[in-house]
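Structural characterization, general
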Amino acid sequence: MLDRRELLKRMAATTVACSLPGLTFGRADTDARFVLVILRGAMDGLAFAPPYGDKDYARTRGALALAAPGTDDGALKLDNLFGLHPSFKAVHDMYRRGEATLLHAVASPYRERSHFDGQDVLENGALKAGDLRDGWLNRALASLGGSLGNERAIALSQSTPLILRGAQSVTSWAPSAMPDANEDTLQRLADLYADDEFFRVRLQQALEAQAIAGDSDGMGRTRGNDAVRFEASMRQAARFLSAGNGPQIAVLESGGWDTHANQGTFAGSLANRFTGLDTGLATLKNELGDTWKNTVVVVATEFGRTVAVNGTRGTDHGTASAALLAGGSVRGGRVIANWPGLSSSALYEGRDLYPTTDLRSLFKAVLTEHLGVPAERVEAEVFPDSDSAQPLENLLS
């Protein structure tokens, strides 16, 4: 009976004989790596990075206001205006090392309050939900040279998110809840797909992906809470990105950020999610090893939340939020914000943090400065109709 290693060798030989493209993930011409984490549910940016130095912060946030740095359970100081939620100890360490930058009062062009539409706009790169049916990151891949069996991007999820859907071939990986197929079954599949290019490539790619992922630390059977599963996903992302024949880009998703009730402050449901996010980011950095120095991580959400607490000790759908830029390629240790303030007259529609920085400006900078996507392609194809969102400058080292 064949083992998996021998099966892979035979399938690779078959591929060469058929003159297929190189059968692995993408072999990028650059060492640059990019990780995008989408927080689904509208993360509260005022809890993520509280503007404790704003004279209106404590009054407008009420029971959800975090204490100032240096006090019990207080925020972690970033500068004289902003802090970090106390759950972000690893991110704070990255900030002090110059490996993390906070961006505040950021938003996509979306100005309504639907999660579905907000995520659509965040991922399609257009001005409105439904304006484009593919994702902006998929359109950017056209400049990076990937192909079937030679993909530049991977989604660590059960299905490919909109941001990676489109004409360019991408791949995905997620742990299976099913038992592993035995070698005999795999050989039968290999024989069945021998004359079908698409399925033959996908089968071998799946086997290679499983070899890279290796032991899933229990993730393979989807044990553990959301934080445990997210940390495991970040560990697997690091393995794919640091593999010699691995992809260049990884997209991960994290749900459960819709905190309408019992949001909490330094402790509680949102604090627990922040701790899980912080642990996942630390795991990604540790597992990437030397690859971290060539990596940029963006953490973003579809929109923010209301400034004031609601009647169920939570917050409702808002507008601007905060985003995180981290990695060894980042010029960190600073907060980037055209801060609008939290006075009543400064709020968007009298209730939300006013958006002053377009998230597309952040994404454009990462695509052009880090991944080398031509600026003219970014403007014309990746983010059409985005003249008002010029790329942010000097984000990367």
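Quick caveat: nothing in here was measured; it's all calculated off a predicted structure. (Residues numbered from 1 in each chain as written. Predicted model: local features only at pLDDT ≥ 70, side-chain atom pairs only at ≥ 80, totals over all residues. Heavy atoms only, no water.)

**Focus: the overall build of the protein**
- Assigned secondary structure in the protein consists of 12 helices and 11 strands.
- A total of 397 residues make up the protein; the buried ones form 54% of that total.
- Taking the contacts inside the protein whose residues are at least 6 apart along the sequence as the reference set, 75% of them involve residues at least 24 apart.
- In the structure as shown, the protein presents an accessible area of about 16,300 Å², 48% of it carried by carbon and sulfur atoms. (Helix = DSSP H or I, 4+ residues; strand = E, 2+ residues; numbered from the N terminus. Buried < 20%, exposed > 50% of the residue type's maximum accessible area, 1.4 Å probe, protein only. Contact = heavy atoms within 4.5 Å. Areas by Shrake-Rupley, 256 points an atom, 1.4 Å probe, with all protein chains shown as cover.)

**Some thoughts on the confidence of the model for the protein**
- Mean pLDDT over the protein stands at 89; residues scoring 70 or higher make up 87%.
- The model gives residues 12–27 a pLDDT under 50, and that stretch makes 45 contacts with residues more than four places away or in other chains. (pLDDT = per-residue confidence, 0-100.)

**Considerations on the packing of helix α11 (residues 359–370) against helix α12 (residues 375–382)**
- At a closest axis distance of 9 Å, the pairing of α11 and α12 adopts a crossing angle of 140°. For the element pair α11 / α12, the angle class is oblique. Between α11 and α12 the crossing geometry is right-handed. Two secondary-structure elements touch here, α11 through K364, L367 and T368 and α12 through A375, V378, E379 and V382.
- Residue classes in the contact of α11 with α12 are distributed as 4 nonpolar, 1 polar and 2 charged. (Axes fitted to C-alpha atoms, helices over the stretch in contact; angles between N-to-C directions. Parallel < 35°, antiparallel > 145°, perpendicular 65-115°, else oblique. Left-handed = near helix turned anticlockwise from the far one by under 90°. Nonpolar A, V, L, I, M, F, W, Y, C, P; charged D, E, K, R; others polar.)

**Brief notes about unusual backbone geometry**
- Phi at R313 is positive, roughly 60°, even though this residue is not glycine.
- For R313, the location among the structural elements is in the loop between β8 (295–301) and β9 (321–326).
- Phi is positive for D385, which is not a glycine, with a value near 60°.
- Here D385 lies in the segment after α12.

**Points about the environment of H104**
- Examined against the element boundaries, H104 turns out to sit in strand β4 (residues 100–107).
- Owing to a relative accessible area of 1%, H104 belongs among the buried residues under this scheme.
- For the pair formed by H104 and F82, sequence separation is 22 residues and the distance between their alpha carbons is 9.4 Å.
- Discounting chain neighbours no more than four positions away, the residues touching H104 are G45, L46, A49, F82, S321, A322, I336, A337, W339, L353, T356 and T357.
- Looking at H104, its side chain comes within polar contact range of the main-chain oxygen of G45, at 3.3 Å. (Polar contact = N/O pair within 3.5 Å; in protein donor to acceptor, adjacent residues only side chain to side chain.)

**Considering the packing of helix α9 (residues 226–242) against helix α10 (residues 269–288)**
- The geometry of α9 relative to α10 is characterised by a closest axis approach of 8 Å and an angle of 20° between their N-to-C directions. Classified by the angle between their axes, α9 and α10 sit roughly parallel to one another. Crossing handedness for the pair α9 and α10: right-handed. Counted together, D226, A227, F230, E231, M234, R235, A237, A238, L241 and S242 of α9 and R273, G276, L277, T279, G280, L281, T283, L284, E287 and L288 of α10 form the full contact between these two elements.
- Taken together, the residues that form the contact of α9 with α10 break down as 10 nonpolar, 5 polar and 5 charged.

**Considerations on the packing of aromatic side chains**
- Scanning the model with the defined rule gives 11 aromatic pairs in all.
- When the centroid spacing of 5.7 Å and the interplanar angle of 35° are considered together, the rings of W257 and F274 count as tilted. Residue W257 is located in the loop between β7 (249–254) and α10, and its partner F274 is located in helix α10; the two are separated by 17 residues in the primary sequence.
- For W257, a relative accessible area of 1% translates into the label buried.
- Given the relative accessible area of 0%, F274 is considered buried.
- Among the aromatic side chains, those forming a connected cluster through ring pairs are F48, F88, W257 and F274. (Phe/Tyr/Trp six-rings, centres within 6.5 Å; stacked < 30°, edge-to-face > 60°.)

**Details of the pairing of β9**
- Buried residues dominate β9, accounting for 6 of its 6 residues.
- With burial as the criterion, each face of β9 is covered, one bearing S321, A323 and L325 and the other bearing A322, L324 and A326.
- One ladder, built from 6 bridges, connects β4 with β9; its direction is antiparallel. Note on β9: the bridge partner recorded for A100 is A326.
- Of the strand pairs in this sheet, β8 and β9 are connected by 3 bridges, and their pairing is antiparallel. Note that in β9 the partner of V297 across the bridge is A326. (Pairing = 2+ DSSP bridges.)

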